[in-house]
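Observations on chain architecture
So you can see what is in the structure, the chains are spelled out below.
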Amino acid sequence: MFSAIARVFRTPDLRNKLLFTLGIIAIYRVGVFIPAPGIDYSNVQQCLAMGETTGGLYSFVNLFSGGALLQVSVFAMGIMPYITAAIIVQLLRVVIPHFEALHKEGQAGQAKMTQYTRYLTIALALLQGTTLVTLARTGSLFPSCTLPLIPDDSLIVILLMIITLTAGTGLIMWMGELITERGIGNGMSILIFISIASGFPSSMGAIFQAQGIMTFIGVLLVGLLIVALVVFVEQSQRRVPVQYAKRTVGRRTVGGTSTYIPLKLNMANVIPVIFASSILALPQMIVQFNQNDDGTLPEWAMWLQEHSATSSPWYMLVYTLLIIGFTYFYVAITFDPEEVADNMKKYGGFIPGIRAGRPTAQYLQYVISRITFPGALYLAFVALIPLIAFVLFNADQSFPFGGTSILIMVGVGLETVKQINAQMQQRNYEGLLR
């Protein structure tokens, strides 16, 4: 392993890319701990020490911001507005023909869609920043803490906070694009990876202090098994063979090659888990904003709170069903068998034993429907691991080995290693991993 790392740093341009990426990551982590203007940092730390937050959706966003959300720092919104905007723009391809036309235009169309994503990111950051400032101002961010987080809640201070939080999201988006352009890997994914990984020491430390050394070692062993499972499934493919017929173009004969279409077992990646988690966080937010003046809850709100708790069997059942449903939905809108079949027919490709055109599209749809179900069950299983750990080990909701965190970290890690390996093999026969 150390010799592989040494080979990377002996390559000048690759070394510069890695150092540039590490520099951006360092700036990002420093920004997580810089408080937003108007925030009483000492009061925030005292409220955090009490250990009770709004939970639900904001604990989920806090995971993606590397703890910056509950610190109410300049990077409090993290990369979450960009993720949401990218998903919305991708889904709009199904609804708005203009976005589908841009998708088919190639690089120019992708550049326009990226620009739309940036604009939508700033709009969502404004909305989420306003919500966060409202929660901090009213004390709803830390319900059990009575200390004022914003001592001076004048209009100018509130506006300055919202603008700062929005600018922080814009800066993170810019830094992510810089990593993509001048560093190693996908910049946004790298920043998400760092945000999630920064919470591992505190999560494992909490398990060690609460449960002891034996449980701590057991969690580590289970974590290694989960990581191995995720790597195995993320690398699994259903390879559909494709044969290209020979064609004569001018004086040259092209084609006659054999290849395959790699259909991943988990084509939806982590998106269904994000969708399901966001939807199931809404009941807790509804309960939170419907408290009586004396702090009690109406009868219907108590019922909703009881059945929307993460340890509830009903929550786990609905969570599983939502993940399975969103997996089928997302795969259906991101993989178009008819488009793939038309492109194959255009370039003289065909699946052996299957006629070109509509029969090929039907066959691809059949294969996709078969592999999506086990992929959805796998996503649901990994997503339920933190909830089960919460019941068994009394771990918090940021239990590291499972759910969104492990799926993203393993996926980003595999992709980044592949990119480093590819760049190493451009210069010598040995890659990063022998």
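From a predicted model like this one, the values you see are computed outputs, not experimental measurements. What you see as residue numbers is a count from 1 along each chain, following the sequence as written. In view of the model being predicted, local features appear only for residues whose pLDDT reaches at least 70, and side-chain atom pairs are presented and counted only at 80 or more, with totals across whole chains, interfaces and linings using the full set of residues. Values reported for side chains reflect all heavy atoms of the structure, with hydrogen atoms and water molecules removed beforehand.

Quick look at the nonpolar core
To be explicit about the condition: We call a set of buried Ala, Val, Leu, Ile, Met, Phe, Trp, Tyr and Cys residues a nonpolar core when their side-chain atoms join them within 4.5 Å. Classification of residues uses two cut-offs on accessible area relative to the type maximum, computed with a 1.4 Å probe and protein chains only: under 20% is buried, over 50% is exposed, and between them is partly exposed. Residue contacts follow a heavy-atom distance rule, with two residues in contact if any of their heavy atoms lie within 4.5 Å.
Counting residues in each nonpolar core, the largest one holds 66 residues, and the members touching the most others are Val230, Leu263, Val273, Tyr319, Ile323 and Leu407. Excluding residues that lie within four positions of it along the chain, leucine 263 makes contacts with Ser236, Gln237, Arg238, Val240, Phe335, Val367, Ile368 and Ile371. Counting residues in hydrophobic clusters, the runner-up holds 23 residues, among them Val44, Leu70, Met77 and Val157.

Examining the pattern of salt bridges
For clarity, the threshold we go by: Counted as salt bridges are all cases of a side-chain nitrogen of Lys or Arg within 4 Å of a carboxyl oxygen of Asp or Glu. Helix and strand labels come from DSSP, where a helix needs a run of H or I of at least four residues and a strand needs a run of E of at least two; each type is numbered from the N terminus.
Enumeration over the complete set of coordinates arrives at 4 salt bridges. Measuring nitrogen to oxygen at the nearest pair gives 3.4 Å for the salt bridge that ties glutamate 100 to arginine 93. Salt-bridge contacts for arginine 137 lead to aspartate 153; the nearest nitrogen and oxygen are separated by 3.4 Å. Here aspartate 153 lies in the loop between α8 (107-138) and α9 (155-182) and arginine 137 lies in helix α8, a separation of 16 residues in the sequence. A residue is classified by how much of its surface remains accessible, and aspartate 153, at 39% relative accessible area, is partly exposed.

Focus on the sheet that holds strand β4 (residues 258-264)
Threshold: Between any two strands, pairing holds if DSSP finds at least two bridges.
The 3 strands are arranged β4-β1-β5 in an open sheet whose pairing can be described as antiparallel. Whereas interior strands pair on both sides, the edge strands pair on one side only; in this sheet they are β4 and β5 (349-350).

A few points about the environment of isoleucine 323
For isoleucine 323, the position within the fold is in helix α15 (residues 313-334). On a C-alpha basis, the gap between isoleucine 323 and isoleucine 274 in space is 8.8 Å, while along the polypeptide they are 49 residues apart. Once residues within four sequence positions are removed from consideration, isoleucine 323 is found in contact with Pro272, Val273, Ala276, Ala376, Leu379, Ala380 and Ala383.

With respect to the confidence of the model for the protein chain
Rules: Values of pLDDT, ranging from 0 to 100, describe the predictor's confidence in every residue of the model.
Per-residue pLDDT for the protein chain has a mean of 80; in total, 85% of the residues score no lower than 70. Across the protein chain, the element-wise mean pLDDT spans from 61 in helix α4 (residues 56-64) up to 91 in α9.

Observations concerning the packing of aromatic side chains
Heads up, the condition is: To pair, rings of Phe, Tyr and Trp, with the six-membered ring standing in for Trp, must have centres within 6.5 Å; the planes then decide the type, stacked if under 30 degrees apart, edge-to-face if over 60, and tilted in the middle.
With the rule as written, the count across this model stands at 4 aromatic pairs. Both rings, one in tyrosine 28 and one in phenylalanine 75, keep their centres 5.9 Å apart while their planes meet at 20°; by these two values the pair is stacked. Of this pair, tyrosine 28 sits in helix α2 (residues 12-32) while phenylalanine 75 is found in the loop between α5 (68-71) and α6 (80-95), placing the two residues 47 residues apart along the sequence. Its relative accessible area of 1% is what places tyrosine 28 among the buried residues. On the basis of relative accessibility, which here comes to 5%, the residue phenylalanine 75 falls in the buried class. Where tyrosine 315 meets tyrosine 319, the ring centres are 5.8 Å apart and the plane angle is 40°; that geometry is what we call tilted. You can see tyrosine 315 and its partner tyrosine 319 sitting in helix α15, 4 residues apart, about one turn around the helix. By the burial criterion, tyrosine 315 is buried, and tyrosine 319 matches it.

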